[in-house]
Amino acid sequence: MVQDRYALAFKLYPYQQSPDQTAETPARHPVVVVGGGPIGLAMALDLGRQGVPVVVLDDHEGIGMGSRAICFAKRTLEIAERYGCSGPMLEKGVIWNVGKVFQDDRQVFEFNLLPEEGHANPAFINLQQPYFEKFIFEQIQAEQAKGAPVEVRGKNRLDSIETHTDCTVLTVTTPDGPYTLEADWVIGCDGASSPLREMMGLEFDGRVFQDSFLIADIRMKSDEFPTERWFWFEPHFKSGASTLLHRQPDDVWRVDFQIGWDADRAEEMKEENIRKRLDAMFGDDVEYDMVWSSIYTFQCRRLEKFRHNRVIFAGDAAHQVSPFGARGANSGMQDVDNLGWKLGMVIKGQAPATLLDSYDDERIYGADENILNSTRSTDFITPKSEISHTFRNAVLKLAERHAFARPLVNSGRLSVPCVYDTSPLNGPDELPGGPAQSRVGSPCKDAPVKDGFLLQSLGDEFVLLSINAEMSDLPEVDGIPLRHVTISTDDDPSGALSERYLGTAASAVYLIRPDQHVAARWPSFDPTKVSAALLKICGKD
Amino acid sequence: MTALILSPNITTPDDFYADLIAAHEGLSDEESDAFNARLILILANHIGDQDVLNEALNTAR
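Parameters at a glance
- Residues numbered from 1 in each chain as written.
- Chains lettered and ligands numbered in written order.
- Predicted model: local features only at pLDDT ≥ 70, side-chain atom pairs only at ≥ 80, totals over all residues.
- Heavy atoms only, no water.
- Helix = DSSP H or I, 4+ residues; strand = E, 2+ residues; numbered from the N terminus.
- Rg over C-alpha atoms; globule rule 2.2 N^0.38 Å.
- Buried < 20%, exposed > 50% of the residue type's maximum accessible area, 1.4 Å probe, protein only.
- Contact = heavy atoms within 4.5 Å.
- Areas by Shrake-Rupley, 256 points an atom, 1.4 Å probe, with all protein chains shown as cover.
- 1 Å grid on protein atoms, 1.4 Å probe; cavity = no way out; pocket = protein on both sides within 12 Å on 5 of 7 lines; lining within 4 Å.
- Points joined across faces, edges and corners; volume = space filled by probe spheres on them.
- Nonpolar A, V, L, I, M, F, W, Y, C, P; charged D, E, K, R; others polar.
- Domains from an automatic or database assignment.
- Buried area = accessible area lost by both parts, 1.4 Å probe.
- Salt bridge = Lys/Arg side-chain N within 4 Å of Asp/Glu carboxyl O.

A. Layout of the overall build of chain A. In terms of helices and strands, chain A carries 13 helices and 30 strands. Relative to the compact-globule value of 24 Å for 541 residues, chain A shows a C-alpha radius of gyration of 24 Å, a close match. In terms of overall dimensions, chain A has a C-alpha envelope of 70 × 65 × 40 Å along the principal axes. A total of 541 residues make up chain A; the buried ones form 58% of that total. When contacts within chain A are restricted to residue pairs at least 6 apart in sequence, those whose partners lie at least 24 apart make up 73%. Only carbon and sulfur atoms are counted for the fraction: they give 49% of the accessible area of chain A, which is about 21000 Å².

In structure tokens form, the structure reads like this:
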């Protein structure tokens, strides 16, 4: 039997028997993705778009209830745009820029994310996770219709894994009983409590935070609250040691109460008790409906290695952070973005399997950055000693009147994409006067060019971007296609491209990876240097 | 005369704050108070200027 562990928001992939279940010998697949959450589905979409056959195993028949992840960052939207599914996310999502921080009944300060001009995507949108997943799934269906070899198998629960040097053998339980299949590569995207990780006996160590939080999603028709992130430290309404209010689509508001480590979960989850906290916060005359509620505790931890030969972990299965800073789902999407093209090249024989070790280098670096930031936010929000509490409140008090204290206030450092400064794939950074923001290892910043935006013109292949530089033909290097994008500063009326890619240089040539990270840069085109840098990325130097 | 700097002046504020809290780890309340007193005296000596120190005292009140 495959029991449901949770209720579904959208039933999208009902169980169907696969020919694999009655095959005489186990079917062999290039890639099996374990888990059909946002990261598993995005992984399948990325690979499917490259023509790599993927089977997704999920023990449910669709997307779970509950808003869970709600803040999606620009980088995630840029990745989704590359996959073709950012449109519905932007249409449905709520764009926000302003945050306010309160202590007790006083406003400490207000910040504006002040999105830089000249990006196709906003700094953040709020969107309930089920919608995010549904839009990715719908894009998978659109790609399937065009022939992408992706299969999502509902009510297929992985029960055991045997790992060999050259393949893995998976035993899967279905409503029709168990079957066995083989995979060249297995991607573990089965979440923070990853059963796959357990089956492989991998340690997942880190710090447990001794506090719990109550999420209440409520539907409220109110013009009183703007589309802003409001965060209270020690609020006067006393509904939690801290409280967060944030708007989502469909007139739904996320309210997050810090309720302490010793909270009685069963008692706190009773609707009457949740309403008591909400009424104290909003006043008795505000009408609302309860949409979803949950109590969570959290840890900051990661696997020591994400790649275990032919089994590779991504998203929460590989690393877990506290929710402050929206670094969970957003970092999982960066994992997919990083792993997708590398695995695609390995499977197509364009790169040796050692290229996948750079996924470990780059994404462990990213995970550590996220863990550091979210740990610090958590320490500020939930001080763990008397003196830490005293300093925290001193910072808040001073921040009301003095600008110097405001950068010390930490109610979450919002997710920004990782710059792979120390990546072994990095090529030469040889552009004198080139801006630091587009240094080798950084994700390409968007900029308006001609009638569109730069990132849209980069796509998801290796790109040689030339700005004001003379180019000659170099359509491929050792069988790896290299697309040329040539832009002149005449196509840069806003000046954003020059500012972000030229600095004081007159011309530039950028080698850009399929995940739109800068791999190398020079002032002019030299085919020998470009070829060497590209071969290095592909592990063929 | 140098004025007390009240605009952001710490290059990496999150690193500083983490180090500050970490410096108190494992200390009793009394030890923390004593640590803070020493820290204030060290920083005051670094500043030196009496007008700036008076301004700081007033700002903290």
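There's plenty left to go through after this.
B. Quick look at empty space enclosed by the protein. Residue and element names in this part refer to chain A. As enumerated under the stated definition, the model contains one cavity of 30 Å³ or more in all. Of the voids in this model, the largest cavity is the one considered here, and its volume is about 30 Å³. Every residue along the wall of the largest cavity is listed here: Phe213, Phe231, Ser242, Thr243, Leu244, Asp256 and Phe324. Looking at the lining of the largest cavity, its residues break down into four nonpolar, two polar and one charged.

C. Seen up close, the side chain of Ser239 of chain A. Tracing the sequence through the fold places Ser239 of chain A in the loop between β16 (229-233) and β17 (242-248). Discounting residues that sit within four places of it in the chain, Ser239 of chain A has contacts with Phe257, Arg277, Ala280 and Met281 of chain A.

D. Quick peek at the domain arrangement of chain A. Residues and elements named next belong to chain A. When its domains are assigned, chain A resolves into domain 1 (8-93 + 123-205 + 303-370) and domain 2 (436-537). A separation of 30 Å is found between the C-alpha centroids of domain 1 and domain 2. Taken together, the contact between domain 1 and domain 2 spans 13 residues of the former and 16 residues of the latter. Here domain 1 packs against domain 2, burying approximately 1100 Å² in sum over the two surfaces, 49% of which is carbon and sulfur. If you sort the residues of domain 1 by the area they bury against domain 2, Arg75, Arg82 and Trp341 come out on top, with a joint share of 47%. Our count for the contact surface shared by domain 1 and domain 2 stands at three salt bridges. Residues Arg513 and Glu362 are paired through a salt bridge, measuring 2.8 Å at the closest nitrogen-oxygen approach. Among the elements of the structure, α2 (74-83) and α8 (329-347) are those that each provide at least two residues to the side of domain 1 that touches domain 2.

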